[in-house]
Amino acid sequence: MFTPDGLTPNPVLKLYRGQTYVLEINSPGNPFSIKVDRSIGSFSQYTDGVVGKSVTKGRITFTVPLDAPSLLFYQSETDRNLGGAIEVDN
């Protein structure tokens, strides 16, 4: 389970096209990436506007492209239960 606010497990993140977000990751043994589906492994990574992939400790910076899909995912590459949806809006 991923709980960025310490309370809500795997919350839906709402991000906006054209904005930049920094995700602080501290998850030893569970590399995180932004993906197009909830797959484990390094497959299906979404890389447009993303600096950082397979991060276990550090930052993922995401400048959401204007043509980003409306649904993406933040996902551990080793545990299907660590991650959630990213809703992308204008």
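The structure contained in this document is the topic of the report that follows. Everything numeric here is computed off the predicted structure, so don't read it as measured data. (Residues numbered from 1 in each chain as written. Predicted model: local features only at pLDDT ≥ 70, side-chain atom pairs only at ≥ 80, totals over all residues. Heavy atoms only, no water.)

1. Let's talk about the sheet that holds strand S1 (residues 13-16)
- Strand order across the open sheet formed by four strands is S1-S7-S6-S3, with mixed pairing between neighbours. The sheet is open, and its two edges are formed by S1 and strand S3 (32-35), each paired on a single side. Mean inter-strand twist for the sheet, computed between neighbouring axes without regard to direction, equals 25°. (Pairing = 2+ DSSP bridges. Helix = DSSP H or I, 4+ residues; strand = E, 2+ residues; numbered from the N terminus. Axes fitted to C-alpha atoms, helices over the stretch in contact; angles between N-to-C directions.)

2. Considerations on the packing of aromatic side chains
- Throughout the structure, instances matching the rule amount to one aromatic pair.
- Between Tyr46 and Phe62, the ring centres sit 6.1 Å apart and the planes meet at 75°, which makes this aromatic pair edge-to-face. With a gap of 16 residues between them, Tyr46 in the loop between S3 and strand S4 (50-51) and Phe62 in strand S5 (residues 57-63) connect regions that are remote in the sequence. The same class applies to Tyr46 as to Phe62, namely buried. (Phe/Tyr/Trp six-rings, centres within 6.5 Å; stacked < 30°, edge-to-face > 60°. Buried < 20%, exposed > 50% of the residue type's maximum accessible area, 1.4 Å probe, protein only.)

3. With respect to the side chain of Ser76
- Following the sequence through the fold, Ser76 ends up in strand S6 (residues 71-76).
- A distance of 3.2 Å separates the side chain of Ser76 from the backbone nitrogen of Asp79, its partner in a polar contact.
- Excluding residues that lie within four positions of it along the chain, Ser76 makes contacts with Asn30, Pro31, Phe32, Ser39, Ile40 and Leu82. (Polar contact = N/O pair within 3.5 Å; in protein donor to acceptor, adjacent residues only side chain to side chain. Contact = heavy atoms within 4.5 Å.)

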